[in-house]
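# Structural overview
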Amino acid sequence: MTVPVRIERLRLRLVRLPLVAFFETSFGRIYDRTFILVQVDGDGAEGLGECVADVDPYYSPETNVTAWHVMKDFLAPLVLGRSFAHPRDVFPAFARVRGHNMAKAAIEMAVWDFAARAENAPLSRLLGGTRREIASGVSIGIQNSLDELARKVEQELAAGYRRIKIKIKPGWDLRAVETVRSRFGAIPLMVDANAAYSLARADLLASLDGFDLMMIEQPLEYEDIRDHAILQRKIRTAICLDESIHTPRLAEEAIALGACRIINIKPGRLGGFDQSIRVHDVCASHGVPVWHGGMLESGIGRAHNIHLASLPNFTLPGDIAASRRYFVPDLIEPAIAVSPTGTIPVPEGPGIGVHVDWARVDAATVERYEMRA
Ligand code: NPQ
Ligand code: MG
């Protein structure tokens, strides 16, 4: 049961934080992270959401500018002055707006946080979480050299992380995997291509079969579910889809077609927690494990992710790592930390359950906008 929440005010902030170290994927290298924070409030309580769109439309078609526009001009008017009996009613209220899942998710997740705080309950309880801690993995970007890659892997294994993911692209694939396997042996290892290959490279992808990877994430273009099904028949390594899966329906289709054996859940990509839970449940009903992806969130978005990852079918370590890998200081105090055995406790306070350092948020804010019912 949840108490109804009425949204009286919605505030947006554009925030920019420098990254501790550059992060490189098949679509480029970044040195800082710019994102939108959403605050909703009414009747003495409030909720926070973090939009995972980036400055450029490379991982997804959305950007901070499109998300700001769509939230301000289309989504906010659909929630302001409205009462929601349950936060799961927010996503359907956005039904007229096509796509823009990251913009929708930021508001929807803020309403979930608001509802949980109004009930004085941890967000994980409202979401249906069943674990008190989650298993943490790391995503290691493309490096300047194989030696540097090996150093990074060594450092993250020493920190206790439960699985290592390395980013690959044509020219940084076989030798990178070979290097990690030969130096570190049978560690839990996977790769993420961020759609950098085509079916024409199936032979190269098949040659990764010899390295006993946990999975290969999003090898092909995001709309090419059928090509992933063809590829999955040619390789032994499990395919995990990320960019391709924007809806529960697409998760059903990908599983039915044999396009993947694992799915990465990111609430931003899926339009929020309600849609994420649906994908989680679809996967569970087909015996497909899921894990929680990462979008270089600040401690605020990272806290939302931890709560979602406490659901039962998140059986694989995800991309939710310690704040210190990304932001020092983070926007929350204390920062999110990982235990020596690679776990993160699920916060027990109300809502997302972390303490926001508003002075730091203010210092990092580059633009604001406020709307009232
Ligand atoms: C992935 N994340 O799983 C994404 C890709 C990614 C942690 O590997 C700004 C915005 C930077 C979105 C970097 C990880 C990003 C981004 C990487 C998404 O595919
Ligand atoms: Mg990915």
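Use the structure listed above.
Since the structure is predicted, the reported quantities are computational estimates derived from the model, not experimental observations. (Residues numbered from 1 in each chain as written. Chains lettered and ligands numbered in written order. Predicted model: local features only at pLDDT ≥ 70, side-chain atom pairs only at ≥ 80, totals over all residues. Heavy atoms only, no water.)

## Considering the environment of K169
The condition is simple: Numbering goes from the N terminus for both helices and strands, where a helix is a DSSP run of H or I of at least four residues and a strand is a run of E of at least two. Here the term buried applies to any residue with accessible area under 20% of the maximum for its type, exposed to any over 50%, and partly exposed to those in between, with areas from a 1.4 Å probe on protein chains only. By definition in these notes, contact holds between two residues if any of their heavy atoms fall within 4.5 Å.
By the secondary structure assignment, K169 is in the loop between β8 (164–167) and α6 (174–184). The exposure class of K169 is partly exposed, given its relative accessible area of 26%. As for K169 and S276, which are separated by 107 residues in sequence, their C-alpha atoms are 28 Å apart. When residues no more than four places from it in sequence are discounted, the contact partners of K169 are E24, S26, I142, A196 and Y197.

## Remarks on the packing of aromatic side chains
Short version of the rule: Here a Phe, Tyr or Trp ring, Trp counted by its six-membered ring, pairs with any other such ring whose centre lies within 6.5 Å, and the pair is stacked when the planes are under 30 degrees apart, edge-to-face when over 60, and tilted otherwise. A ring is considered to have a charge above it if a Lys NZ or an Arg CZ atom is located within 6 Å of its centre and within 35 degrees of its normal.
For the coordinates displayed, the defined rule picks out four aromatic pairs. For the ring pair Y326 and F327, a centre distance of 6.3 Å and an interplane angle of 40 degrees mean the geometry is tilted. Taken as a pair, Y326 and F327 share a single burial class, namely buried. Lying across the ring of F22, R29 places its NZ or CZ 3.7 Å from the centre. Above the ring of W291, the side-chain terminus of R163 is found at 4.8 Å from the ring centroid.

## Describing the sheet that holds strand β10 (residues 216–217)
Within a sheet, neighbouring strands are paired by backbone hydrogen bonds and run either parallel or antiparallel to one another. Just so we agree on the cut-off: The pairing criterion for strands is at least two bridges between them, as found by DSSP.
Sheet architecture is open: seven strands sit in the order β7-β8-β9-β10-β11-β12-β13, paired in parallel fashion. In this open sheet, the two strands that pair with only one neighbour each are β7 (138–140) and β13 (290–292). Where β10 and strand β11 (residues 239–241) come together, two bridges link them in parallel fashion. Directly across from I216, in β11, lies its bridge partner I239.

## Let's talk about helix α1 (residues 64–79)
We count it as follows: Bend at a residue means the angle formed by two fitted axes: the first through the 7 residues ending at that position, the second through the 7 residues beginning there. Each polar contact in these results corresponds to two N or O atoms within 3.5 Å; when the atoms are within protein, one needs to be able to donate a hydrogen and the other to accept it, and residues that are neighboring in sequence are counted only if both atoms are side-chain atoms.
At M71, α1 is deflected by roughly 45 degrees, the largest bend along its length. Those residues of α1 lying buried are N64, A67, W68, V70, M71, L75, A76 and V79. With a side-chain oxygen lying 3.2 Å from the backbone nitrogen of V65, the N-terminal cap of α1 falls on T63. Following α1 by one or two positions, G81 adopts a phi angle in the positive range, close to 80 degrees.

## Focus on the site of ligand 1
For the record, the criterion: Here a residue is near a molecule or strand as soon as one of its heavy atoms is found within 4 Å of it. Note on areas: these come from Shrake-Rupley sampling with a 1.4 Å probe, and a residue is covered only by the protein chains present in the view. Residue classes follow a fixed rule: Ala, Val, Leu, Ile, Met, Phe, Trp, Tyr, Cys and Pro count as nonpolar, while Asp, Glu, Lys and Arg count as charged, and any other residue, Gly among them, counts as polar.
Taken together, 18 residues form the shell around ligand 1, and within it S139, K165, K167, N194 and G294 come nearest. A distance of 3.0 Å separates an oxygen atom of ligand 1 from a polar atom in the side chain of K165. In the environment of ligand 1, an oxygen atom lies 3.0 Å from a nitrogen or oxygen atom belonging to the side chain of D192. For ligand 1, whose accessible area on its own is 430 Å², the fraction buried by protein is 99%. Elements supplying a minimum of two residues to the shell around ligand 1: β2 (9–25), β3 (28–42) and β8. Residues belonging to the shell around ligand 1 are distributed by class as follows: five nonpolar, four polar and nine charged.

## Considerations on the coordination of the magnesium ion (ligand 2)
Which entries qualify depends on this criterion: Any nitrogen, oxygen or sulfur atom within 2.8 Å of a metal ion counts as a donor, with the limit raised to 3.2 Å for Na, K and Ca, and since water is left out, coordination shells can look unfinished.
Coordination sphere of the magnesium ion (ligand 2), protein contribution only: D192 (OD), E217 (OE) and D242 (OD), at 2.1 to 2.3 Å. All donors of the magnesium ion (ligand 2) come from a single chain, and their spacing in sequence reads D-x24-E-x24-D. On the criterion of sequence distance, the pair formed by D192 in strand β9 (residues 189–192) and E217 in strand β10 is long-range, its members being 25 residues apart. Under the relative-accessibility criterion, E217 is labelled buried at 0%.

## Examining the side chain of D41
With respect to the secondary-structure elements, D41 resides in strand β3. A residue is classified by how much of its surface remains accessible, and D41, at 13% relative accessible area, is buried. With residues near it in sequence (within four places) discarded, D41 still touches R6, I7, E8, R9, R11, E46 and F114.

## Focus: helix α3 (residues 101–118)
Using the following cut-off: A helix's residues, less one, multiplied by 1.5 Å, set its expected span.
End to end, α3 covers 25 Å across 18 residues, agreeing with the expected 26 Å (1.5 Å per residue, within 8%). In terms of burial, α3 is largely enclosed, as 16 of its 18 residues are buried.

In short, geometric facts, not functional conclusions.
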